Each structure stands twice: as C-alpha cells, then as structure tokens.
Amino acid sequence: MHQCGSAHDLDLAYNAFSGPIPRSLSRLRNLQSLYLDENNLTAGIPEELGMLSGLQTLYLRSNSLTGSIPEELGMLSGLQTLNLGSNSLSGSIPASLGKLSNLDYMFMSRNRLNGIIPPEMFTNWTKLDWLDLSNNLFSGSIPPQICKCKNLGQLDLSGNNFSGSIPVELGNMTNLGSLDLSKNHFTGETPSSIWNLHFLGYLDLSRNAFVGEIPTMTSNSSSLTSLRLSNNNFTGCFPVVLKNLTNLAVLDLGNNNIYGTFPPWIQESNPLMRILRLRSNMLSGSIPWQLSQLSRLHLLDLADNNFTGSIPTSFANLSSMWQPLEKNLSFDIGIDMVWKGRVYTLELAADLITGIDLSDNSISGEIPSGLTNLRGLRSLNISRNYLSGNIPCDIGNLRVLESLDLSQNKLSGPIPSSMSDLAFLGSLNLSNNNLSGEIPTGNQLSTLDDPSMYFNNPGLCGCPLNACTNHSSPIISPRGKKEHRHDLETLWLYYTAIAGFVFGFWVWFGALFLCKSRRFAFFSSIDSMQDKVVQMMKQKHI
C-alpha cells in the first residue's frame, strides 16, 4: 500500500472497494495524489476528476473500469503520473492529453483502446520518461513526432495492431533504454540507426513481419543485454553485429530464415550469454564446442535446424547447469519454449528454467555420458535426430529433471533403472527407438502410465506395455552380456558338432545302402567279427 506523505494524498489502493468511482472526489481540490488501484471499481472514469487542478499522481490501475478516457483529464496541467492500466477502457486516446506537459509516466496497457496515436500528443511531452500502451488495439504507424520526446527512456507498444516500418527518427532518441515493439504487424527492414541508441539495454522486435538481413552497426559501444528478433522473416548468415554486443545476456533469433554455420566466436564476443534461442532457422554444420565455455548459459535452444555431427562432449562443462537455477536474475524476459510437449512463454525471470533443446536436427553419435553432470537441468529434448547407442546409465543423476524427450532416434539397449530416481519427471517420451528389456518401475515412473511414451520399441515390455514373459528380453548388465555371449558360443559349438556327426553318418550310410558290393562286404565283415567273438568266448569258457 502506498504511503500518504501528507493530507494531500488519498490512498485507497489494494482493497476490495466496488462500484463506481465517487464523483464527489472532485471536491478535494487540494488533492495531489489519488491511489485507487487494485480494487473492484466499475463503470467509467468520472470527468469530474478533471477538476482536481493540483493532482500530480493518478492511479486507477487494475480495476474493472469501462468506457472511454474523458477529455477532461487533459485539464490536469500538473499531472506527472497517469496509470490507467489493466482495465477495460475503450475508444481512442483523447488528443487533450497532449497538453500534459509535466507528464513523466503514462501507463495504459491491457485495455481495449484503439485507433491511431494522435501525432500532436508528443509535441508537449518533453518530460515523458515512460510510455506504455501495450496490449491494446491501437493501429496505424508510429508517428515520427515521437522523437520529440527526448527524455523517453522506456517505450512499450507491444501487443497492438501497429503497422508500417520503424521510423528512422527512433535512432535519435538517445535516452531510450528499453524498446518493445513486439506482437504487431511492422514490416520492412530494421533501420541501422537503432544501434545508435547507446543506452538501449532491451530491444524486442519479435512477432512482426520484418525482412532482410539484421543490420550491422558502425559503433562498437552498446549496452544491449537482451535482444529478441524471433518470429520474423529475417534472413542472411548469423549476424556479425553480435560481435559488438559484449553485454548481451539474452539472444532470441528463433523462427526466422537465418542460414549458414554457427560461428565459434560467440564465447569470446558474448561471454555473459544466459539464454540462447536459435530454433526454427536453417543453420547447418556442427554445434560448436565453444558453447560449453559460456559459463552463464542455462537455456540453450537449437531445435529445428540442420545441425549435423555429434553432441559436443564438452557440454558437460556448462557450469550454470550443474545446479538448479537461482531465481535472482536482474532482468525480465519473454521466451517461448517447448516445455512438456507444449509451447510456453516464460515471461518473468523467476520463471526461467535450465534446459537444452537440440531436437529435430540431424545429429548422430551417442548421447554423451557427461550430460548427466548437468544436475540443474529441468528440460532435455534431443528427439528426432539420429542418435544411437544406449541411454546413459547415470540418467538418474538429473534429479530435478521434469521433461525428457529422446524419441525418434536409434537408441538401443535397456532403459536404465536409475531413471526411476527422477522424482520430478512429469513428461517422458522414449518412443520410436530400438530399446529393449523391461521398463523400470517405482517412484515417479509409476505415475507415468501413458503407453505411447514407449511405442515402437519392439523389445520393450512391462507396465504400461504388455507384461514381460519368459521369452521377453531381460535387462543384461555389461558383465552379464559377456557371459551370455560365451554361453551362446559354447552352445553353437555343440550344435555344429552334432550336425556334423549326423550329416557324416547319413552320407556314409547312404553310400552303403545304394552300393551292392559295399553292402555285401559290410555285412560279410560283420559276420566274420561275430564268428571271432563266439570263438573267443568258447575258449575263455574252457
């Protein structure tokens, strides 16, 4: 709750007040601050509030207010902060608000406001530091007159229906520290003047229709820590402009048409990288081992590209993934990630996870056993590749893992029994491999009873598939495999000897049976032997 510094302040925020805003508040002519935010107030904003000539701060955020913004608010000549966000206001922004020459902060996000932004509004907003019109229904282009707001530090126009190109004049707003134009219908190429904003720390142009290559920059100085350009039509090779963004912590270039190889210089140029998302592009070649030198990297998404080769064994050195992520990061972001088979947008730093997604590429080889050292992983997806060999037997070391997808590879052998140690596992997919043996049970695995997660592994048995029988393939330890192979070799030797004896006997007996002279000689020799034996027995008896 806001603290009232004097009798000129009225703070009724964070309560459960309902009904309309009393028009009688206009009688408080000396009121300087009015806080009615976080209530259940309804109906429209009373135009009588325009009579509070000394008002400097007006907070009506997070109510259920409807109707349009009254023109009379433009009479509040001393107003410095206006927050009407998170209501159900409609209509356009009244041009009278352009008279508020002392305005520092204006928040109108999350309403149903529409129409174009009146260009004349920006003429007198020379003190404006923060403008948030996000998540409304505004349309039209960004007026070039916005560059007259020389002190503007935060500009958020995201989640609207703005169109056209970015005004080149934005490059003249030298105090701009955060620019969010995401989720609109902007087109054209991105002006290179945007890199002239030396104090710009956050830039989000995602979910638009920008085209062309990502522009280069002439200056070597940049404060940018978060760059989001995903879900556009950017093309060209991996942008070399990133070499100059040495403070970059978040990079999202996903869902574009960027091609070529992944440069090995990323560790040297962007050592502070925490989040790297390049999914759904046309990148090719091998995954550079230098990524493992990004000591702060905790979210890596390279899915749906054309990467080949093997998973670098050096990924075991991704030290920020050794332990679960601490929720104390200093920036808020919005990152789309496939999580438990669905796409989620992680909006806040507290929602960030530690994860690796290399799915839907052409990666081959075995799964490096060193990945089990990344005990902070909560999501691991390496499905739809050409991986072979066994699942690492120490997979159970990933104790906080919540989502594991190894499907559509060529993995073989048994499912390690240590997988039952994954106490937080909520999503598992091992389908379409060559796994065999009995499915481990116990702990969290017993709750995952959807048989589709094991489909198309002909050698698998056990719950939730068919019960194992005597003919089912058992899970064999490495030592047991050697003993089992020795037994098979011995058994094969016996079978070979018996088969040779039977074959030789019938060859000999067949020749005897078909040849009359040999048959006569054989039986004559038998008679002769019989006579000798009888004579010997008689002599012994005498």
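Reading the values: the criteria
Residues numbered from 1 in each chain as written. Predicted model: local features only at pLDDT ≥ 70, side-chain atom pairs only at ≥ 80, totals over all residues. Heavy atoms only, no water. UniProt positions renumbered as here; feature names shortened; annotations may be inferred. Helix = DSSP H or I, 4+ residues; strand = E, 2+ residues; numbered from the N terminus. Buried < 20%, exposed > 50% of the residue type's maximum accessible area, 1.4 Å probe, protein only. Contact = heavy atoms within 4.5 Å. Disulfide = S-S within 2.5 Å. 1 Å grid on protein atoms, 1.4 Å probe; cavity = no way out; pocket = protein on both sides within 12 Å on 5 of 7 lines; lining within 4 Å. Points joined across faces, edges and corners; volume = space filled by probe spheres on them. Nonpolar A, V, L, I, M, F, W, Y, C, P; charged D, E, K, R; others polar. Pairing = 2+ DSSP bridges. Salt bridge = Lys/Arg side-chain N within 4 Å of Asp/Glu carboxyl O. Core = buried A, V, L, I, M, F, W, Y, C linked by side-chain atoms within 4.5 Å. Phe/Tyr/Trp six-rings, centres within 6.5 Å; stacked < 30°, edge-to-face > 60°. Axes fitted to C-alpha atoms, helices over the stretch in contact; angles between N-to-C directions.

The protein chain is annotated in an unreviewed UniProt entry as Leucine-rich repeat-containing N-terminal plant-type domain-containing protein of Eragrostis curvula. Taken directly from UniProt, the Sequence similarities (unreviewed entry) text for the protein chain runs: "Belongs to the RLP family." As recorded by UniProt, the Subcellular location (unreviewed entry) comment attached to the protein chain reads in full: "Cell membrane".

J.: Could you give an account of the overall build of the protein chain, with specific residues and numbers?
T.: Scanning the protein chain from N- to C-terminus turns up three helices and 36 strands. Buried positions account for 47% of the 542 residues belonging to the protein chain. Relative to all contacts within the protein chain whose residues are 6 or more apart in sequence, the contacts with residues 24 or more apart total 53%.

J.: So what about the state of the cysteines? Which residues, and what values?
T.: What the rule picks out here adds up to one disulfide. Paired through a disulfide, Cys461 and Cys468 show a sulfur-sulfur distance of 2.0 Å. Of note, the bridge from Cys461 to Cys468 carries an S-S torsion of about 90° and is right-handed in sense. Left unpaired, Cys147 is separated from the closest cysteine sulfur, that of Cys149, by 8.4 Å.

J.: I'd love a proper account of empty space enclosed by the protein, names of residues and values included.
T.: Scanning the model with the defined rule gives two cavities of 30 Å³ or more in all. Here the second largest cavity is characterised by a volume of approximately 30 Å³. In terms of lining, the second largest cavity is formed by Thr190, Trp195, Leu203, Leu205, Ile214, Pro215, Leu229 and Phe234. Of the residues belonging to the lining of the second largest cavity, the class tally is seven nonpolar, one polar and no charged.

J.: Explain the pairing of strand β13 (residues 161-164) to me, and be specific about the residues and the numbers.
T.: In this structure, strand β11 (residues 137-140) lies alongside β13, joined through two bridges in parallel fashion. Bridging across to β13, Gly140 finds its partner in Phe162. In the sheet, β13 pairs with strand β15 (residues 185-188) via two bridges, with the strands oriented parallel. In the strand pairing of β15, Ser163 is matched with His185.

J.: Please give an account of the pattern of salt bridges that cites residues and values.
T.: As enumerated under the stated definition, the model contains 11 salt bridges in all. Residue Arg23 is joined to Glu47 by a salt bridge in which the shortest nitrogen-to-oxygen separation is 3.7 Å. Taken together, the residues span a long stretch of sequence, with Arg23 in the loop between β2 (18-20) and β3 (33-35) and Glu47 in the loop between β4 (40-42) and β5 (57-59) at a distance of 24 residues. A relative accessible area of 46% places Arg23 in the partly exposed class. Take Glu47: its relative accessible area is 36%, and that puts it in the partly exposed class. Of the charged contacts, one joins Arg277 and Asp252 as a salt bridge, the two residues approaching to 2.9 Å between their closest N and O atoms. With Arg277 in strand β22 (residues 275-277) and Asp252 in strand β20 (residues 250-252), this residue pair connects regions lying 25 residues apart in the sequence.

J.: Any details on the nonpolar core? Residues and values, ideally.
T.: Among the nonpolar cores identified, the biggest contains 119 residues, and Met108, Trp125, Leu227, Leu276, Leu291, Met419 and Leu428 are the most heavily contacted of them. Core analysis: the next-biggest nonpolar cluster, separate from the first, contains five residues, Ala249, Val250, Ile275 and Leu299 among them.

J.: So what's going on with the pairing of β15? Residues and values would help.
T.: As defined by bridge partners, β15 adjoins strand β17 (residues 209-213) across two bridges and the pair is classed as parallel. Bridged to Thr187 within β17 is Ala209.

J.: Any chance you could break down the environment of Ser165 for me, citing the residues and the numbers?
T.: When you line up the elements, Ser165 lands in the loop between β13 and β14 (178-180). Ser165 sits 20 residues away from His185 along the chain, and the two C-alpha atoms are 9.1 Å apart.

J.: I'd love a proper account of the packing of aromatic side chains, names of residues and values included.
T.: Following the criterion strictly, the structure yields 10 aromatic pairs and no others. Considering the side-chain rings of Phe122 and Trp125, the 5.6 Å spacing of their centres and the 85° angle between planes classify their relative orientation as edge-to-face. Judged by its relative accessible area of 1%, Phe122 falls in the buried class. Taking the relative accessible area as the measure of exposure, Trp125 reaches 0% and is therefore buried. One aromatic cluster is present, formed by Phe138, Phe162, Phe186, Phe210 and Phe234 through successive ring pairs.

J.: Go over unusual backbone geometry, please, and point to the residues and values.
T.: Residues apart from glycine generally show negative phi values, whereas peptide bonds are mostly found in trans. Cis geometry marks the peptide bond from Cys463 to Pro464, where omega comes out at 10°. Within the secondary structure, Pro464 sits in the loop between β36 (459-461) and α2 (478-514). Its identity is not glycine, yet Ser280 carries a phi of approximately 55°, on the positive side. Even without being a glycine, Asp304 presents a positive backbone phi close to 60°. Along the chain, Asp304 turns up in the loop between β24 (299-301) and β25 (306-308).

J.: Describe the sheet that holds strand β31 (residues 386-389), listing the residues and the values that go with them.
T.: Read across the sheet, five strands follow the order β29-β31-β33-β35-β36 without closing on themselves; strand pairing throughout is parallel. A single partner strand is all that each edge strand has here, and the edge strands are β29 (364-366) and β36. Pairwise comparison of adjacent strand axes, ignoring direction, gives a mean angle of 25° for this sheet.

J.: I'd like to hear about the environment of Gln267, residue by residue, with values.
T.: Mapped onto the elements of the fold, Gln267 is located in helix α1 (residues 266-269). A residue is classified by how much of its surface remains accessible, and Gln267, at 23% relative accessible area, is partly exposed. Residues Gln267 and Ser292 lie 25 residues apart in sequence; the distance between their C-alpha atoms is 8.4 Å. Apart from residues no more than four positions distant in its own chain, Gln267 is found in contact with Gln290, Gln293 and Leu294.

J.: Can you break down the sheet that holds strand β7 (residues 90-91) residue by residue, with the values?
T.: Strand order in the open sheet formed by 10 strands is β7-β9-β11-β13-β15-β17-β19-β21-β23-β25, with parallel pairing between adjacent strands. A single partner strand is all that each edge strand has here, and the edge strands are β7 and β25.

J.: Break down the environment of Tyr386 for me, citing the residues and quoting the values.
T.: With respect to the element layout, Tyr386 can be found in strand β31. When the C-alpha atoms of Tyr386 and Ile363 are compared, they prove to be 5.7 Å apart, with 23 residues separating the residues in sequence. If we skip the residues at most four places from it in the chain, Tyr386 touches Asn361, Ser362, Ile363, Ser364, Gly365, Asn409 and Lys410.

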